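# Close look at the chain arrangement
For reference, the chains in residue letters:
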Amino acid sequence: MVSQHADAAAAKPSQQDPAQVIVSPSDGPTSTALRTGQDPSSDQPAVESDTARRKLSGRWVVIAVIVGYLLQVGWRVWLSRHLNVPAAHADEDGYLVAARVLAGGAGGETTDNETFRRMGYPMLISPVYWFTQDTFTVYRSVLVINAVLNALVFPLLYLYARRTLALSARTALGGAFVAAAMPAVVFYSQFALTDSVLGTMVIAWLVLAHTWLAGTTARVRVLGALGSGAMAGLLFVTHIRGTMVVLVHVLLIITVLLLRRSGWATTLAAIAGAGVVMTLDPILKAVSANAIDTAGNSPTNTTIKAFTTLSGLGRLLGTADGQLWYLCVGTFGLGAIGIITAVLPLTRLRALRVELTDASSAARRIIVTATLFTTLLIALTSSAALPPGDNRINYYAYARYIHMLFPLWLLIGLTALLSAKTRRQALTLGGYAAAFTLLTGAVVSIRTRVHGYGRFLSFDSPELSFMGWKWDHIAVTKPTIVAVVLLAGIVVLLRRPRWGLPLAMAGIGLVVAANMVVATQKISTAMEVNQYRPGTPLIVRDGYVHEGDRVAFAKQQVVWFLQYNHMREIYWTPLLIWDQTVDPTPPSGANVVIAPYDPPESAKLETWDGQRYGFRLVVSDPNQRWALWRKG
C-alpha cells in the first residue's frame, strides 16, 4: 500500500489521471500538518502571527458569507417584486391550500395524488396564515420566505466547496456565490413550490453527511450523523424525490459501516435522525386528510411499465439521457466534467482502495459519490414516472427533478479543472465533457425529431429557452453549441494564472444573472399576467363575498384555473363544486354562486341564469367570463 502511494506521488503531472485528481488532493487547504523536521517550539512568534492571520481571515470569510447571503436574498426578492399571485396551477394552489389547512383553515380540491402528496413545504409556509388570510398578502409573504430559505444554498455551497472539495476560501466563496445564483436554484423561488427549498435541503444533507464522516471529534460526528439523517427525512417529507435521498442515505450508512468509518453511536444517530423526521409524513397527512380532496392520478402503473416493458425501458433511458444533457448544458459543461470525474475513479478499484484508506480523501470520495448516486437515481425514477399521456415535449429533456443538484455539479467540475496539473489535462477534461454533452444532446435531438410533438412549457426549461432563445419550442442544437463554446472559454480562462478564475466566475455570473432577468420577464411574469386582468373582481378584497358565505362553484368554466384562484381567495370554507352542465341546480347549502357569464361561442358553454334559482347578479368579469350571484 505504501508503494502505491509512492508510485502515485512519483508520477509526472502529465501522466496523472485528471479524473483522479478531483476530490483527492494530498493536502487540503485547512491542513495544519507541520513540515518534516520542523521544530514547533523554534518559531513561536511565527506561529502566533499565523494564528492571528487565520483569525482575521476567518472573520472576513464570515462577513463575506453574511453579505453574500443577504445579496442572494435581495436578488430573489427583487426578481419576484412584481409577482403577486400563483400561476403554476395547480401545484402552487395545492401547497398553499395544504398550508392553510395546517394552520387551521379551510381545505379544497387539489391535483395531488396520494403517492406524491407531501406536506413538508406546506408545513414550512403555514405560519403565514397565522397573521393574514388575504390570499395576495399570503403569496407575497411566501415568496419572501422562499427567498430567505432558497438563498441558504450559498453558505451551504461554500461549506461543500471548502470541506468536501477542499477549495480555498476565496475560490469557494466565488464559486458558491455564482452557483447559488443559477436559474436551477433561483428560478423556483418565484413560485410556491417545493423546488424552492429542495436545493437547500439536499446540500445541507450532504454537508452534514461530510461532517459525520470527517468531523474532528466524536461529538461533532454524532451531530453530523444526526443532522444528515434529519435532513434526509425532511426531504422525504417534502417531496417524493426525498425517497431517493433516503435510499442513498441508507447506502451511505452501509458503506461507512463496511469501511469502518463510523462507530455504532454515530450510525444509530444517522438512522434515528431520518426515522424520527420521516414520521412527520403520516402525521401531517392525517391532520389534513379530511380537508384536502386529492384528484390526481397515481403514476404507479406508468412507473411499473417503464421498468417491465421494452418500450417503457426505452422511454426511461431516453428521458434520463435528456436530463443528463440538460445538466451538461445548464452548467456550461462543468457539470459534464463533474459527472466524468465522479464516475471514472469508481472504475479503478486499486486506486480507489488506496484513496479510501485516508479518512479525509475517503470522506470526499463518499460524499461526491453520494451526490452522483442521488442524481442518477432521481433522474431514472422521475423519468419512469413522467406520464406520456401529458403530451409534453419538455419531457424529452426534463431536468426539474435534478435541478437542485446543478450547483453541486458546477462546483465539482470547476474543482476538477482547477486540479488539472497541466494544460493537456485541462483540455482532456474539456474534451471529454464536450463529447458527453454532444452525445447526450444527439439522443435528445433524434428523439425530438422522431417524436417531436406536444406542448412546450418554457417554465420547465428556463436555461434551454434562454440559451437557445426559443420560448415556444424545445431547443437542442443551439443550447448545445452555446454550452460547448462557453466551456471552451472557461477551460482557457482557468489556465491563466492570475485573472483567469475571477474572469471565468464573473462571466458565468453575468450569464446566470441575465438568464434570470429574462426568464422572470418571459416566463414568470408572462404566466401571471392573465390571472387577474384589470377589471377582474377580487371577490373578497372588494367585499363581494364575506366570511360565513357558502360559495358554490360551477366546475365548467371558460378559464380552467378559475377554480384555484377562487379556492384561495375564499379562505373560511371549501368551495361547493358542482357540474352545472349535468344539473344546473346549485347545491342547496349555497348562498353565493360563481358560474359562467356571457361565454364566447368557442367555449361551448351557456350562461348560468341565477334568477331561475332565486339568485341576483352581483358582479361579473368581462375578462374570464364569469359572474358572482347572491341568493335573495
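Think of each chain on its own: its residues are numbered from 1, step by step along the sequence as written. Only residues with pLDDT of at least 70 get local features here, since the model is predicted, and only at 80 or more are side-chain atom pairs given and counted; chain-wide, interface and lining totals rely on the full set of residues. Neither water nor hydrogens contribute to the side-chain values; these are computed over all heavy atoms in the structure.

## A short note on the overall build of the protein chain
Counting its regular elements, the protein chain contains 25 helices and seven strands. Relative to the compact-globule value of 26 Å for 632 residues, the protein chain shows a C-alpha radius of gyration of 27 Å, a close match. Each principal axis of the C-alpha atoms in the protein chain carries an extent, and together these give about 100 × 50 × 45 Å. The buried label goes to any residue with under 20% of its type's maximum accessible area, the exposed label to any with over 50%, and the partly exposed label to all in between, with areas taken from a 1.4 Å probe on protein chains only. With 632 residues in all, the protein chain has 53% of them scored as buried. Under the convention used here, a 1.4 Å probe and the Shrake-Rupley method define accessible areas, while residue burial counts only the protein chains that appear. As presented, the protein chain carries roughly 27,400 Å² of accessible surface, and 61% of it is formed by carbon and sulfur atoms. Within the protein chain, the 36 negative side-chain charges are centred at a point lying 11 Å from the centre of the 53 positive side-chain charges. Each helix corresponds to a stretch of at least 4 residues labelled H or I by DSSP, and each strand to a stretch of at least 2 residues labelled E; elements are numbered beginning at the N terminus. Each radius of gyration is computed over the set of C-alpha atoms, and the globule rule expresses the reference value as 2.2 Å times the number of residues to the power 0.38. Only four residue types enter the charge count: Lys and Arg as positive, Asp and Glu as negative, with His and the chain ends excluded. By convention, the point assigned to a charge is CZ for Arg, NZ for Lys, CD for Glu and CG for Asp.

## What about a nonpolar patch on the surface?
Residues L247, V250, L251, I254, L258 and F373 make up a contiguous nonpolar surface patch of roughly 520 Å² in combined accessible area. By residue number, the principal contributor to the nonpolar patch is helix α12 (residues 242-258), which donates five residues. Tracing the sequence through the fold places F373 in helix α19 (residues 359-385). Classification of F373 as partly exposed rests on a relative accessible area of 36%. The patch calculation keeps residues exceeding 30% relative accessible area without a salt bridge and links them within 9 Å when they carry like charges or within 5 Å when they are nonpolar (Val, Leu, Ile, Met, Phe, Trp, Tyr). We define a salt bridge as a contact between a side-chain nitrogen of Lys or Arg and a carboxyl oxygen of Asp or Glu at a distance within 4 Å.

## A closer look at the environment of G318
With respect to the helices and strands, G318 occurs in helix α16 (residues 310-330). With a relative accessible area of 9%, G318 lands in the buried category. For G318 and A397, which are 79 residues apart along the polypeptide, the C-alpha to C-alpha distance reads 8.9 Å.

## Considering the nonpolar core
Residues belong to one nonpolar core when they are buried, are Ala, Val, Leu, Ile, Met, Phe, Trp, Tyr or Cys, and are joined through side-chain atoms within 4.5 Å. Membership of the largest hydrophobic core comes to 165 residues, with the highest contact counts inside it found for L157, Y160, W205, W212 and L417. Broken down by element, the residue count for this core peaks at 12 residues, all from helix α10 (residues 195-214). Beyond its immediate sequence surroundings of up to four residues, W212 is in contact with R221, G224, A225, S228, H249, L252, I253, V256, S262, T266 and A270. Here a residue-residue contact requires only that any non-hydrogen atoms of the pair lie within 4.5 Å.

## A few points about the environment of V77
By the secondary structure assignment, V77 is in helix α3 (residues 44-79). Owing to a relative accessible area of 29%, V77 belongs among the partly exposed residues under this scheme. Through-space distance from the C-alpha of V77 to that of R140 is 9.7 Å; in sequence the pair is 63 residues apart.

## Things to note about the packing of aromatic side chains
Two aromatic rings, drawn from Phe, Tyr or Trp (for Trp, its six-membered ring), form a pair once their centres lie within 6.5 Å of each other, and the interplanar angle then sorts them: stacked below 30 degrees, edge-to-face above 60, tilted otherwise. Enumeration according to the criterion identifies 22 aromatic pairs in this entry. A ring pair is formed by Y188 and F459, whose centres lie 6.3 Å apart and whose planes are at 85 degrees; its orientation type is edge-to-face. Note that Y188 is positioned in the loop between α9 (183-186) and α10 and F459 in the loop between α21 (423-451) and α22 (462-468), a separation of 271 residues in sequence. In terms of burial, Y188 and F459 fall into one category: buried. With centroids separated by 5.7 Å and ring planes inclined at 70 degrees, the aromatic side chains of Y398 and Y401 adopt a geometry described as edge-to-face. A relative accessible area of 14% means that Y401 is categorised as buried. Among the aromatic residues, those joined into a ring-pair cluster are W578, Y597, W608, Y613, F615 and W629.

## Comments concerning the sheet that holds strand β3 (residues 551-554)
Only when DSSP finds a minimum of two bridges between them are two strands counted as paired. Pairing in this open sheet of five strands is mixed, and the strands run β4-β3-β5-β7-β6 from one edge to the other. On the outer flanks of this sheet lie β4 (576-578) and β6 (615-621), each paired with one strand and no other. Pairwise comparison of adjacent strand axes, ignoring direction, gives a mean angle of 25 degrees for this sheet. In this structure, strand β5 (residues 592-596) lies alongside strand β7 (residues 626-631), joined through five bridges in antiparallel fashion. Looking at the pairing, P596 lines up with W626 of β7. The axes are straight lines fitted to the C-alpha atoms, using for helices just the contacting stretch, and the angles between their N-to-C directions are given from 0 to 180°. Most of the contacts of helix α25 (residues 562-569) go to β3, to which it runs at about 170 degrees, and overall it touches β3, β4, β5 and β7.

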